[in-house]
Amino acid sequence: MMNKAKKPLILAVDNARMFLTTLKRILEDEPYELHCETSCDDALKYLETNHPELILLDIEMPDMDGYELARRIKGMGKGAPILFITANSDKEHADKAREAGAEGLLIKPLRRNQLMEKINEFIK
């Protein structure tokens, strides 16, 4: 049985620390726990022992792209919905995101209400 006091966990993976800081600020007064990683390898290690309810991934990162990371996360059997966060809103990115197993795409710069709407859609 889940502890009612425990906040739903969100994992955010982005190599831009500034973006993660912004994300923390947006979510600090919300009923979620945010865990941030700046590398795909660190995110995969974190996921070995943690089970977030939602995963936010940047697409363009130095060690592996977000698509590959999403495929590896799904390959680990993680059922958490994945949302990509990117500055690229073209159809090709949206199609590749879906193929990699993502449930959606958020466009940078993020608007607080847009982010909260998506999070609330996936975490009930």
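Structure: above.
Analysis parameters
Residue positions are counted from 1 within each chain, in the order its sequence is given. Residue-level local features of this predicted model are given only where pLDDT is at least 70; pairs of side-chain atoms are given and counted only at 80 or more, and the full residue set underlies all totals for whole chains, interfaces and linings. To obtain the side-chain values, all non-hydrogen atoms of the structure were included, while hydrogens and water were left out. Secondary structure counts use DSSP, requiring at least four H or I residues in a row for a helix and at least two E residues in a row for a strand, with both numbered from the N terminus. To get the radius of gyration, use the C-alpha atoms; to get the globule rule, take the number of residues to the power 0.38 and multiply by 2.2 Å. Think of it in three bands: residues with accessible area under 20% of the maximum for their type are buried, residues over 50% are exposed, and the middle band is partly exposed, with areas taken using a 1.4 Å probe on protein chains only. The contact definition used throughout considers only heavy atoms, calling two residues in contact when any of these lie within 4.5 Å. To be clear on the numbers: accessible area is Shrake-Rupley with a 1.4 Å probe, and residue cover counts the displayed protein chains and nothing else. Charged residues are defined here as Lys and Arg on the positive side and Asp and Glu on the negative side; His and the ends of the chain fall outside this count. Taken as the charge location is NZ of Lys, CZ of Arg, CG of Asp or CD of Glu. A strand pair is defined by DSSP finding two or more bridges across the two strands. Consider the strands pointing away from the viewer: the crossover is right-handed when the path from the first strand over the helix to the second runs clockwise. Directions are taken from the helix axis to each C-beta atom, and the arc is the one they span. Within 3.5 Å is the distance limit for a polar contact, defined as a pair of N or O atoms, with the added protein rule that one can donate a hydrogen and the other accept it, and that residues adjacent in sequence qualify only through two side-chain atoms. Put simply, a nonpolar core is a bunch of buried Ala, Val, Leu, Ile, Met, Phe, Trp, Tyr and Cys residues held in one set by side-chain atoms that sit within 4.5 Å of each other.

Draft legend 1. Seen up close, the overall build of the chain. Looking only at helices and strands, the chain has five helices and five strands in total. Each helix and strand of the chain, ordered N terminal to C terminal, gives the series β-α-β-α-β-α-β-α-β-α. For the chain, whose C-alpha radius of gyration is 13 Å, the value lies close to the compact-globule estimate of 14 Å for 124 residues. By its C-alpha atoms, the chain is 40 × 30 × 25 Å across when sized along the principal axes. Taking all 124 residues of the chain together, the buried fraction comes to 46%. Relative to all contacts within the chain whose residues are 6 or more apart in sequence, the contacts with residues 24 or more apart total 62%. Of the accessible surface of the chain, which amounts to about 6900 Å², a share of 49% is contributed by carbon and sulfur atoms. Here the chain holds 19 positive side-chain charges and 22 negative ones, and the gap between their average locations is 4 Å.

Draft legend 2. Structural view of the pairing of strand 5 (residues 104-107). By the alternation rule, side chains of strand 5 split into G104 and L106, which are all buried, and L105 and I107, of which none is buried. Bridge count for strand 4 (residues 82-86) against strand 5 is four bridges, and the pairing is parallel. Looking at the pairing, F84 lines up with L105 of strand 5. Following the chain from strand 4 across helix 4 (residues 91-99) to the adjacent parallel strand 5, one finds a crossover that is right-handed.

Draft legend 3. Expanded view of helix 3 (residues 66-75). Buried within helix 3 are the following residues: G66, Y67, L69, A70 and I73. For helix 3, the arc enclosing every buried residue in end-on projection is 160 degrees, short of the 170-degree limit, so these residues lie on one face. Among the structural elements, strand 1 (9-13), helix 2 (40-49), strand 3 (54-58), strand 4 and helix 4 are those in contact with the buried residues of helix 3. A distance of 3.1 Å separates the backbone nitrogen of Y67 from a side-chain oxygen at the start of helix 3, and that oxygen is part of D65. Trailing helix 3 by a residue or two, G77 shows a phi angle of about 85 degrees, which is positive.

Draft legend 4. Focus on the nonpolar core. With 23 residues, the main nonpolar core has I55, L57, L69, I73 and F84 as its most contacted residues. Elements with a contribution of two residues or more to this core: strand 1, helix 2, strand 3, helix 3 and strand 4. No other element matches the five residues that helix 2 contributes to this core. By size, the runner-up hydrophobic cluster in this structure holds 20 residues, among which are I26, L27, I85 and M116.

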